[in-house]
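Results of the structural survey
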Amino acid sequence: MSLAFSTMAALRFGTGFRPEQVPPASVEELLAQLSAGRQETLLFPQGGLAAARQRIVDAAEKQDALKLANKTAGEATKRVNRKRLMIEINTHLGEDEHARFMQAVLSPNGFNERMASFWVNHFSVSSVKAQFMRLLVPVYEAEAIRPNIGGRFADLVKAAVLHPAMLIYLDQVKSFGPTSPLGLKRKVGLNENLGRELLELHTLGAGSGYSQTDVRNAAFVLTGMTVDRRSYRARYAVQMAEPGARDVLGRTYGGRRRGLPDILALIEDLAAAPATRAHICRKIAGHFLADTPPPEVVRAMTSAWEDADGDLTAVYAAMLRHSKSWDDEGQKAKPPFDYIVSGLRALSATQEDLQDGGRVKHRMMAADAQAADMTAAQDEMAMMPAVDGKLADLATLRVNPLTVQAAARLGQPLWRPPSPAGFEDSLSAWIAGGPLADRIAWARLAAARLGGDRDPRDFLQAALRDAARQDTIDIVSRAPNRQMGLALVLASPEFNRR
Amino acid sequence: MGMDKLSMSRRAFLASACCAAAAPLVTSMTLAAAPGSKRLVTIILRGAMDGLHLLQPYADRAFKLCRPTLALTPDSGLIDLDGFYGLNADAKDLLPLWERGELAFVQSVSTPYRDGRSHFDGQDVLENGGSAVGEEKSGWLNRALSAMPPGSARKAIDVNTSAELLLSGDNDVEVWSPRTDLAMKIDERGFFERLYRNDPLFAKAMADASVTDFSVDELYGDGKRGAKAADIARLAAGMLMQDYRIASFSITGWDTHAGQKAAFRAAAKELATAILTIRSALSPDVWKETIVVGMTEFGRTARENGSLGTDHGTGGLALIAGGGIDGGKVIGQWPGLGEKHLLNGRDLMPTGDVRELAAAMLYRQFDISPGKLTSTIFPGLDFSPSSVYLKSV
């Protein structure tokens, strides 16, 4: 190990140094962040999970009421009503996005934050898939992912894959057993989307030996899983489930009567498959250590998985306890979210620095829609037709240029991955001409806004400690002014790598 | 920092100290006739562009019945093209291209995506190039880069703030938005170059950024860098004048559920502006070697709805433009608008696969083999060099 333990712990396995926080000094302290993280009061969704769940129920009721009212309303009123609801939902999402950055920047439990981000990306869902996804995705991360990232992998899969956000994102709600009562009545059939991704992305991995028949049968086993449109909770509807037994990878699920236990058994078996632990362990090591991680670390992780029945804390511990996990720093690039978060931590950004920019009159936002960098929500608004006079009182959220807007500009819009495979994770994907220019621009903006009267040399020491290389120390020391010095620290290779 | 001072210093710096970086600008101008000189621009029209509003089949008697308030005729401002179709005057700037044979429309195309009518999923299929949502995890245009003959120029740029699926995948693609700007004085740039000097990956990224940034500064001068279609198209064309061969960007604003006549205008103007900007920013030689393809995730309902707009449909319209095409025509089979001709009694019936159009343009521009086009790039697609989309233009 060439760097101090605490440096590697903070940079490679954490969210970077924050001067007010003491970095972990041992593997045990790193692992302890998982349970400490679970005890934290999450800063998102706004007002807590119960409040967010209530917002979803309220919005669903509003939507129902709207449908009723719209039966008799004129066109202009309908449009205003629909838009009002959309703006309300989008504003909630915008607030949660800002709060999500606060959580990462302020939390003392960096390893827990990193694992949460890893798993949210592994079980990708997108807030732009449908209107209610804007309310569901923050809840998904908070209630399905985070509580389960230190437990058994099978339990994490169940929580993620059977969550309404995933069921909507991967079209499970549109999948009917073709000969199920509802399938026959509505003349609708199977949607393979979730079945395929469950095997290909979530568990076994592409090219691991399953067939198209396995995919299709997995989709048959999953039929019945759907979302209750009032509560937006997952629900098993037997009248959507395809009757009969189906084989996936040589095991049979279900019989004459189908039920949720068949689905849970399928997930247990997939989670226990050797291909799954090989796929997942390699992906975790590939995320933290190097695009091609040391095989001996991956082996240690898979055997820990076997010994501990897929207990993820044991798997992380095997990685963290392996000496090779502490070698060769800087093989990975921070993706934009982590880059931004670590920069803001180095600058000791406060909750206030991370607030949204308040509300602006809706009309303004719509007019400037094409020109501005927009959140997903506003993007969609821009696609909507002319604004009505009646909407002039409405206001939309102005996004923080250092967080929500920056993540989109740098190529990683929060909760909006480009596909179910999530965001890129390789070094070369993030360090290229355009992205680097955008990172430099962010570094300069952050230095200008939050740099204050810091001495660049002190800032370098605080941000990178012994990871700072001599040539970087020299250049930063010779910077023509303070702001430039701070920007050079944030833009340096060592600060972008980990 | 004054803008004029900035770009002056950047230009002076590059002209004096950085000839290698500036060289591609000079040499590429002369490359137009060399092998590997063909270019392709893809424009994704996000939000489901209403092809029946852009290119109106005014002579089809069912059209007016489907769209009592939206349907236009040459008497009410529609620009007659061929006695059957007319161009919406919102896109009248495209007319000279049509007259010169540099513009063609492709009627009634769609991806294999059916019945879901979700923008999100429709765009996923359009970009992943497969036959279902999520079938491929990369974009077809990125996979096409792997299939281009060895030794050919194959640089691609995604003119966006973040990478879109269409160009995402294993092959390196530059992502650059008009607003991406190094915006530095010479001395400042020197600091960053020294900062990256001993890290080859960062040094290369910085050098690439400097070259691109230089070209982009040249394109925009001291002017405002907006994110409008004209700014984006200018950047795309500027890169194609150098050693880039593929450029891609998006135009939004097509989701015209209500008040379509007014709502359509801005997007249609953006589309026309984008195509004309590309044409004018390319040299005449390069324009001859370039094809622009505009495509959307799906069309809209044949009938207008109760809000004087249209809803999500299936069959849609694509367009191709370029100095070397045999255009001035509408390609593809017109399925008609009678009740029995519509898909599910509501949508324009697709009579062609928009992926076949894309495959045809890749074949034409880059000599990509039909075998690769129908296996790795568009798995399962039916395409051969006798495709109607190759023969017609």
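Below, the structure is looked at part by part. (Residues numbered from 1 in each chain as written. Chains lettered and ligands numbered in written order. Predicted model: local features only at pLDDT ≥ 70, side-chain atom pairs only at ≥ 80, totals over all residues. Heavy atoms only, no water.)

**Here we look at the sheet that holds strand E4 (residues 86-87) of chain B**
All names here are of chain B.
- Pairing is antiparallel across the open sheet formed by three strands, whose spatial order is E2-E4-E3. With one partner strand each, in any of the chains shown, strand E2 (55-56) and strand E3 (79-80) form the two edges of the open sheet.
- When E2 meets E4, the two strands line up antiparallel, connected through two bridges. Bridge pairing in E4 places Leu 55 opposite Leu 87. (Pairing = 2+ DSSP bridges. Helix = DSSP H or I, 4+ residues; strand = E, 2+ residues; numbered from the N terminus.)

**Observations concerning the interface of chain B and chain A**
- With 45 residues of chain B in contact, the opposing surface of chain A contributes 52 residues.
- A combined buried area of about 4400 Å² lies between chain B and chain A, and 59% of that area is made up of carbon and sulfur atoms.
- Taken together, chain B and chain A are joined by six salt bridges. (Contact = heavy atoms within 4.5 Å. Buried area = accessible area lost by both parts, 1.4 Å probe. Salt bridge = Lys/Arg side-chain N within 4 Å of Asp/Glu carboxyl O.)

**Structural notes on helix H21 (residues 433-450) of chain A**
- Taking 1.5 Å as the rise per residue, H21 of chain A with 18 residues should run 26 Å; its terminal C-alpha atoms sit 26 Å apart, in good agreement.
- Downstream of H21 of chain A by one or two residues, Gly 452 of chain A has phi in the positive range, about 60 degrees. (Expected span 1.5 Å × (residues − 1).)

**Description of the packing of aromatic side chains**
- Evaluation of the coordinates by the stated rule reveals 24 aromatic pairs over all chains.
- On the numbers, 6.0 Å between centres and 45 degrees between planes, the contact of Phe 111 of chain A with Phe 288 of chain A is tilted. Of the two residues, Phe 111 of chain A is situated in helix H5 (residues 110-122) and Phe 288 of chain A in helix H13 (residues 274-288); the sequence distance between them amounts to 177 residues.
- Judged by relative accessible area, Phe 288 of chain A falls into the buried class, the value being 0%.
- Relative to Phe 105 of chain B, the ring of Trp 98 of chain B has its centre 5.9 Å away and its plane inclined at 35 degrees; by these criteria the two rings are tilted.
- Exposure remark for Trp 98 of chain B: the relative accessible area of 8% places this residue in the buried category. (Phe/Tyr/Trp six-rings, centres within 6.5 Å; stacked < 30°, edge-to-face > 60°. Buried < 20%, exposed > 50% of the residue type's maximum accessible area, 1.4 Å probe, protein only.)

**A closer look at the environment of Cys 66 of chain B**
Residue and element names in this part refer to chain B.
- As for its position among the elements, Cys 66 is in helix H4 (residues 61-66).
- It is 6.5 Å that separates the C-alpha atoms of Cys 66 and Glu 304, two residues lying 238 residues apart in sequence.
- Those residues in contact with Cys 66 that lie beyond four places of it in its chain are Ala 302, Arg 303, Glu 304 and Leu 337.

**Thoughts on the side chain of Asn 193 of chain A**
- As for its position among the elements, Asn 193 of chain A is in helix H10 (residues 193-202).
- Given a relative accessible area of 3%, Asn 193 of chain A falls into the buried group.
- A polar atom in the side chain of Asn 193 of chain A sits 3.0 Å from the side chain of Asp 171 of chain A.
- The residues touching Asn 193 of chain A, leaving out its near neighbours within four places in the chain, are Leu 170 and Asp 171 of chain A together with Val 133 of chain B. (Polar contact = N/O pair within 3.5 Å; in protein donor to acceptor, adjacent residues only side chain to side chain.)

**Description of the pattern of salt bridges**
- Taken as a whole and judged by the stated rule, the model has 54 salt bridges over all chains.
- Note that Arg 100 of chain A and Glu 141 of chain A form a salt bridge whose closest N and O atoms lie 2.9 Å from each other. A residue pair is termed long-range when its members are at least 10 positions apart, and Arg 100 of chain A in helix H4 (residues 75-106) and Glu 141 of chain A in helix H6 (residues 133-145) qualify at 41 residues. Per residue, the accessibility class of Arg 100 of chain A equals that of Glu 141 of chain A, and both read buried.
- Notably, a salt bridge pairs Arg 279 of chain B with Glu 102 of chain B, separated by 2.8 Å at the nearest N-O pair. A residue pair is termed long-range when its members are at least 10 positions apart, and Arg 279 of chain B in helix H11 (residues 260-281) and Glu 102 of chain B in the loop between helix H5 (95-99) and strand E5 (103-110) qualify at 177 residues.

**Let's talk about the packing of H5 of chain A against helix H15 (residues 312-321) of chain A**
Residues and elements named next belong to chain A.
- One way to put it is that H5 packs onto H15 with a least axis distance of 13 Å and a crossing angle of 115 degrees. Regarding the angle of H5 to H15, the classification is roughly perpendicular. Our pair here, H5 against H15, has a crossing hand that is right-handed. From H5, Phe 111, Met 115 and Trp 119 reach across to H15, where they touch Leu 312, Tyr 316 and Leu 320.
- A per-class count over the contact of H5 with H15 returns six nonpolar, no polar and no charged. (Axes fitted to C-alpha atoms, helices over the stretch in contact; angles between N-to-C directions. Parallel < 35°, antiparallel > 145°, perpendicular 65-115°, else oblique. Left-handed = near helix turned anticlockwise from the far one by under 90°. Nonpolar A, V, L, I, M, F, W, Y, C, P; charged D, E, K, R; others polar.)

**Quick notes on the pairing of strand E1 (residues 39-45) of chain B**
Residues and elements named next belong to chain B.
- In terms of burial, E1 is largely enclosed, as seven of its seven residues are buried.
- Residues Arg 39, Val 41, Ile 43 and Leu 45 point to one face of E1 and Leu 40, Thr 42 and Ile 44 to the other, with burial holding for every one of them.
- Sheet analysis places E1 next to strand E9 (residues 290-296), joined by seven bridges and oriented parallel. For Val 41, the partnering residue across the bridge sits in E9 and is Val 292.
- As paired strands, E1 and strand E8 (residues 244-251) are joined by six bridges and run parallel to one another. Paired with Val 41 across the strands is Ala 247, a residue of E8.

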